Amino acid sequence: MIIAFIVLFLLWEFAVKLFGIKEYLLPPPSKIWSEFLKRQNTVMASAWTTMTEIIGGYLLAVAVSIPLAMAIAYSRFVENSIYPIIVFLQIIPKIAIAPLFIIWFGFGLFPKLLIVFLLCFFPIVVSSVAGFKSVDPDVMDFARSTGASPARMFFKIRLPQALPEIFTGLKIGAALSATAAVVAEFVASDRGLGYLLQQYNGQLETPMVFAIIVLLSLIGLAIYYLVEFVERLVIPWHVSQRPTEMTGL
Amino acid sequence: MRSESPSLPEAAGQPPPRQGTGVPVEISGIAQIFRRADLETRALERIDLSVKPGEFVAVVGPSGCGKSTLLKIIAGLLEPSSGTVGIAGKRVSGPHTDLGIVFQSPVLLDWRNILDNVLVQIDLRGGNPAAYRDKARTLLAKVGLAEFENRMPRELSGGMRQRTAIVRALIHEPPLLLMDEPFGALDALTREQMRIDLEKLWLERGQTTFFITHGISEAVALADRVIVMTPRPGRIERILEIDLPRPRHKDVITSRRFADYCDEITECFMRHGVIQY
Ligand SMILES: Nc1ncnc2c1ncn2[C@@H]1O[C@H](COP(=O)(O)OP(=O)(O)OP(=O)(O)O)[C@@H](O)[C@H]1O
Ligand SMILES: [Mg+2]
């Protein structure tokens, strides 16, 4: 994996030099790196801002979706009244609402958190509802025959059985979170990697554009693998039985 | 302790044998019709049966005649279309909990190892699983799973999973044991050993046992009474009192009278076209 990347970068570097490709079109990796080092203070400060938005919005989505999913899964009333509204709202392209949030909530952190939240929220809710509902009827029969209290039934049967699907949603959400934050910053912002990306793009500072794209990818990857790491800790019995597995970098 | 031949727990050398702990079961007028859209399945029709405390009842019948349905109704897991079940003099409404059930499939929890899958019986009942740890280990060893207590269910064969499920149904020493083809996934040798051990256990503890099987000789070998059911809609076709001495060792199993009982059941099935030559 790492070797493949090294080879790729070497080929890239070599090709750019060989064919004399202009730097503002496709800069060589060495140039990207040196430019990045020159401005790393600005870039890292922006990265921090963007990560705050990603992690904050994501955690907010997790905190809201899982209890909501429980309510939807276990209450017919909630399922019939609230779930259709959520599904309907999902159809609205959330990125299209982003400019509206600027009008409502200004330029600060909050509208960005909200957009990350919105994009992560739905996949987590849908997967978790499916998880909480996917109880094996035979397992439930067994559990009922023990006279288990509702709390025990939940923590010892329903929740463990739902966790694999909940984590599927958590991972989809994690993969979306970085994109969501950058889009939010595109729309209106005076800081963050998305803002910086637009600035450098406008000034044709292509090496910096590449540097930020790489950094954003690394942040996205890190968040995804962090969630997968937690998954391994929480449901090792399920992770190890998946037939094909994406191995970490 | 036998290591390779799996066997069911006897008293497991643990608590003193409890005689006469079985409860009576009264089944009256049970019928079950499954309705789905325009489809109607008449699974059971008028089942009446009175099971004495500590009695061992085996049920044989063709596939789909409603045996599993009847077991779920007795356990209170399924509400019958009509009729009532009484256990220990109390009418069953909702899941009855003072029992042990072995379902037709093992129904283990994927996220718990074998030992913890046995102990979940205690855990869900609000008991202290740690207090039953040694007993669970002894029972698992008796069914040949000593080295597997830390394995996860998916690492075990179908027969091993089913043996785990049997131990789970016994760990809390219930006064009523409902078993739905518990030996179905086992090979012939293991099956024979498990049968011998189940009888031994039953002789020691005396729990009322309701045992569903496809095996005619298995039913005769184990039961005080064999209930023969008709094809769907399931009715009780015959009730055979098995008057054979216990424990039913090799000499009993190979006796003339044993074969006669088996023949009687086979003929019953032939009359209904379940077995054709
Ligand atoms: N939940 C259900 N909904 C609809 N029909 C059902 C349901 N459960 C069972 N049946 C039907 O009831 C009949 C009896 O089923 P049951 O599982 O009790 O049979 P069985 O005697 O245990 O068969 P086997 O020996 O194959 O296990 C079958 O025809 C089955 O299709
Ligand atoms: Mg069945």
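Residues numbered from 1 in each chain as written. Chains lettered and ligands numbered in written order. Predicted model: local features only at pLDDT ≥ 70, side-chain atom pairs only at ≥ 80, totals over all residues. Heavy atoms only, no water.

Let's shift gears to the sheet that holds strand β4 (residues 82-87) of chain B. By way of backbone hydrogen bonds, the strands of a sheet pair with one another, either parallel or antiparallel. All names here are of chain B. Strand order in the open sheet formed by 4 strands is β2-β1-β4-β5, with antiparallel pairing between adjacent strands. Each of the sheet's edge strands pairs with one partner strand only, and the pair in question is β2 (39-51) and β5 (90-91). The sheet contact formed by β4 and β5 spans 2 bridges and is antiparallel. Its bridge partner lying in β5, G86 is registered against R91. Packing of helix α1 (residues 67-74) onto the sheet brings it into contact with β1 (25-36), β2 and β4, and relative to β1 it is tilted by some 120°. (Pairing = 2+ DSSP bridges. Helix = DSSP H or I, 4+ residues; strand = E, 2+ residues; numbered from the N terminus. Contact = heavy atoms within 4.5 Å. Axes fitted to C-alpha atoms, helices over the stretch in contact; angles between N-to-C directions.)

This part takes up the side chain of N117 of chain B. Residues and elements named next belong to chain B. Take N117: it is sitting in helix α2 (residues 114-124). With a relative accessible area of 0%, N117 lands in the buried category. Once you skip the residues sitting within four places of it in the chain, N117 turns out to touch L108, L109, R112, P153, T164 and R168. (Buried < 20%, exposed > 50% of the residue type's maximum accessible area, 1.4 Å probe, protein only.)

Residues and elements named next belong to chain A. Evaluation of the coordinates by the stated rule reveals 32 salt bridges over all chains. For K133, the salt bridge is made with E79, and the minimal N-O distance between the two is 2.7 Å. With K133 in helix α7 (residues 109-133) and E79 in helix α4 (residues 76-81), this residue pair connects regions lying 54 residues apart in the sequence. Residue classification places K133 among the partly exposed residues on the basis of a relative accessible area of 38%. In this structure, E228 engages K171 in a salt bridge whose closest nitrogen and oxygen atoms are separated by 4.0 Å. Placement of E228 in helix α11 (residues 206-234) and of K171 in helix α9 (residues 150-187) is noted, with a sequence separation of 57 residues between them. Pair check on accessibility: E228 and K171 agree, each one buried. One salt-bridge network, held together by shared partners, links E23, K31, E35, K38, R39 and E205. (Salt bridge = Lys/Arg side-chain N within 4 Å of Asp/Glu carboxyl O.)

Moving on, we come to the domain arrangement of chain B. Many authors give the size of an interface as the accessible area that is lost as the parts come together. All names here are of chain B. Assigned domains within chain B: domain 1 (21-99 + 176-193 + 207-277) and domain 2 (108-173). Computed from C-alpha atoms alone, the centre-to-centre distance between domain 1 and domain 2 is 26 Å. Each partner contributes to the interface: domain 1 provides 11 residues, whereas domain 2 provides 9 residues. Summed over both sides, the interface between domain 1 and domain 2 buries roughly 660 Å², with carbon and sulfur atoms accounting for 62% of that surface. At the boundary of domain 1 and domain 2, one finds 4 residue pairs in polar contact (both at pLDDT 80 or more). (Domains from an automatic or database assignment. Buried area = accessible area lost by both parts, 1.4 Å probe. Polar contact = N/O pair within 3.5 Å; in protein donor to acceptor, adjacent residues only side chain to side chain.)

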